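Working through the structure, step by step
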Amino acid sequence: MKKRRTQLIKPRIREILSKILPPELVDLLPKHWVQLGDVLILPLRDELLPYKHEIAKVYAEVLGVKTVLRKGRIGGEFRETNYEIIYGNDPITVHKENGILYKFDASKVMFSPANVKERVRMASIAKPDELVVDMFAGVGHLSLPIAKHCGARVIAIEKSPYTFRFLVENIELNKVQDRMTAYNIDNREFKGENIADRILMGYVVRTHEFIPKALEMAKDEAIIHYHNTVPERLMPREPFETFQKIAREHGYESELLESRILKRYAPGVWHVVLDIRVFKK
């Protein structure tokens, strides 16, 4: 991933922009950024906004990208970014990572660089004879590595019609049509019981609401990769305690195999992923 190329790039950017910006603003220029394919995501402080287009143009030219987005808030059911385009006019990019091609609209579809280790981990997590259900597929963030590198069969479910377009394209781009099938529905509407050897729950905040559906789809001794956000003060007992409670209410026991912190979600709140094996009572 091309990010944090500060040491070599920043002096050139500073040199050019020092001729354009007031001196007191030059030190406020972003020292870190995220590059996804040929699109740059740039965090800008409020003081720099009157010069956002001039700044974006220089970063684009020095870093060699076609479009620059101003980083903003992520929100809504589909975790949409709604980043502002401040240079160029095409936010659709193809980002290559670990041999996987991800095509998406970087201005609207979330693709977290901080989750790269988890995407790489998924590339070796499954066996070829497994059936994997990805309940929140997005553009194939977690399930494309499983289909491509593990050779497992994947059912990828994505509710957002806009994101689903890219999921379908990415299945074709990565030539995994023979083992990856996409559904544009709410995962709770998917008809399938006792089918999955492995389930991906790559969502946050409300993931616990979908545990009953995951259990319905899970085979006995299936593994669920359960993502959620949890306040630091409740760790380490959460979020496994909640998962275990809901599982028992639905006739399942659960075993925590591994717990990982992926990134900070908000002050005092972490995005974690648990690997959980579930057993029918």
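Look up a bit, the structure's there.
Residues numbered from 1 in each chain as written. Predicted model: local features only at pLDDT ≥ 70, side-chain atom pairs only at ≥ 80, totals over all residues. Heavy atoms only, no water.

In space, the seven strands of this open sheet follow the order S10-S9-S8-S11-S12-S14-S13, with mixed pairing throughout. The open sheet has two free edges, formed respectively by strand S10 (180–183) and strand S13 (252–266), since each of these has just one partner strand. Strand-to-strand twist across the sheet, computed as the mean angle between neighbouring axes with direction ignored, equals 15°. Judged from the three bridges that link them, strand S8 (residues 131–134) and strand S11 (residues 196–201) form a sheet pairing that is parallel. Within the sheet, the bridge partner assigned to Asp134 lies in S11 and is Leu200. Strands in contact with helix H5 (residues 143–150) are S8, strand S9 (153–157), S10 and S11; relative to S9, the strand with the most contacts, it is inclined by about 165°. Packing of helix H8 (residues 240–249) onto the sheet brings it into contact with strand S12 (218–231), S13 and strand S14 (269–280), and relative to S13 it is tilted by some 145°. (Pairing = 2+ DSSP bridges. Helix = DSSP H or I, 4+ residues; strand = E, 2+ residues; numbered from the N terminus. Axes fitted to C-alpha atoms, helices over the stretch in contact; angles between N-to-C directions. Contact = heavy atoms within 4.5 Å.)

A word on the pattern of salt bridges. Counted according to the given criterion, the structure contains 24 salt bridges. Put simply, Arg70 and Glu84 hold a salt bridge, and the shortest N to O gap is 3.8 Å. Within this pair, whereas Arg70 is found in strand S4 (residues 67–70), its partner Glu84 is found in strand S5 (residues 84–87), the two being separated by 14 residues in sequence. By relative accessible area, which is 22% here, Arg70 ends up partly exposed. For Asp178, the salt bridge is made with Arg179, and the minimal N-O distance between the two is 3.1 Å. Note on Asp178: relative accessible area 63%, which makes it exposed. One salt-bridge network, in which partners are shared between bridges, spans Asp46, Lys52, Arg70 and Glu84. (Salt bridge = Lys/Arg side-chain N within 4 Å of Asp/Glu carboxyl O. Buried < 20%, exposed > 50% of the residue type's maximum accessible area, 1.4 Å probe, protein only.)

The residue after Met235, namely Pro236, is reached through a cis peptide bond having omega 5°. Looking along the chain, the bond that leaves Glu238 and enters Pro239 is cis, with omega of 10°. Note on placement: Pro239 falls in the loop between S12 and H8. For Asn98, which is not glycine, the phi torsion reads 55° and is therefore positive. Positionally, Asn98 belongs in the loop between strand S6 (92–97) and strand S7 (100–105). At Glu221, a position not held by glycine, the phi torsion is positive, near 70°. Relative to the helices and strands, Glu221 is located in strand S12. Overall, Glu221 belongs to the partly exposed group, its relative accessible area being 45%.

Here the focus is the side chain of Glu118. Checked against the element boundaries, Glu118 lands in helix H4 (residues 116–122). Other than its neighbours up to four places away in sequence, Glu118 contacts Leu142, His227, Arg260, Leu262 and Val273.

Moving on, we come to the packing of aromatic side chains. As enumerated under the stated definition, the model contains nine aromatic pairs in all. Note on Phe104 and Phe111: the rings are 4.9 Å apart at their centroids and 10° apart in plane angle, and the pair reads as stacked. Grouping residues by exposure puts Phe104 and Phe111 together as buried. Ring centres 5.2 Å apart and planes at 70° place the aromatic pair Tyr183 and Phe190 in the edge-to-face group. Overall, Tyr183 belongs to the partly exposed group, its relative accessible area being 32%. Residue classification places Phe190 among the buried positions, given a relative accessible area of 7%. Members of the aromatic cluster, joined through ring pairs, are Tyr102, Phe104 and Phe111. One Lys or Arg, Arg165, reaches over the ring of Phe166 and ends 5.4 Å from the middle of that ring. (Phe/Tyr/Trp six-rings, centres within 6.5 Å; stacked < 30°, edge-to-face > 60°. Lys NZ or Arg CZ within 6 Å of the ring centre and 35° of its normal.)

Let us now look at H5. Every α-helix winds through 3.6 residues per turn, so residues three or four apart in the chain are directed the same way. For H5, the buried fraction is high: six of the eight residues fall into the buried class. Every buried residue of H5 is listed here: Ser143, Leu144, Pro145, Ile146, Ala147 and Cys150. Just downstream of H5 lies Gly151, where phi reads positive at about 75°.

When you line up the elements, Thr229 lands in strand S12. Of note is the side chain of Thr229, whose polar atom sits 3.0 Å from the backbone nitrogen of Val205. With sequence-adjacent residues up to four places away left out, Thr229 is seen in contact with Val204, Val205, Tyr265, Val269, Trp270 and His271. (Polar contact = N/O pair within 3.5 Å; in protein donor to acceptor, adjacent residues only side chain to side chain.)

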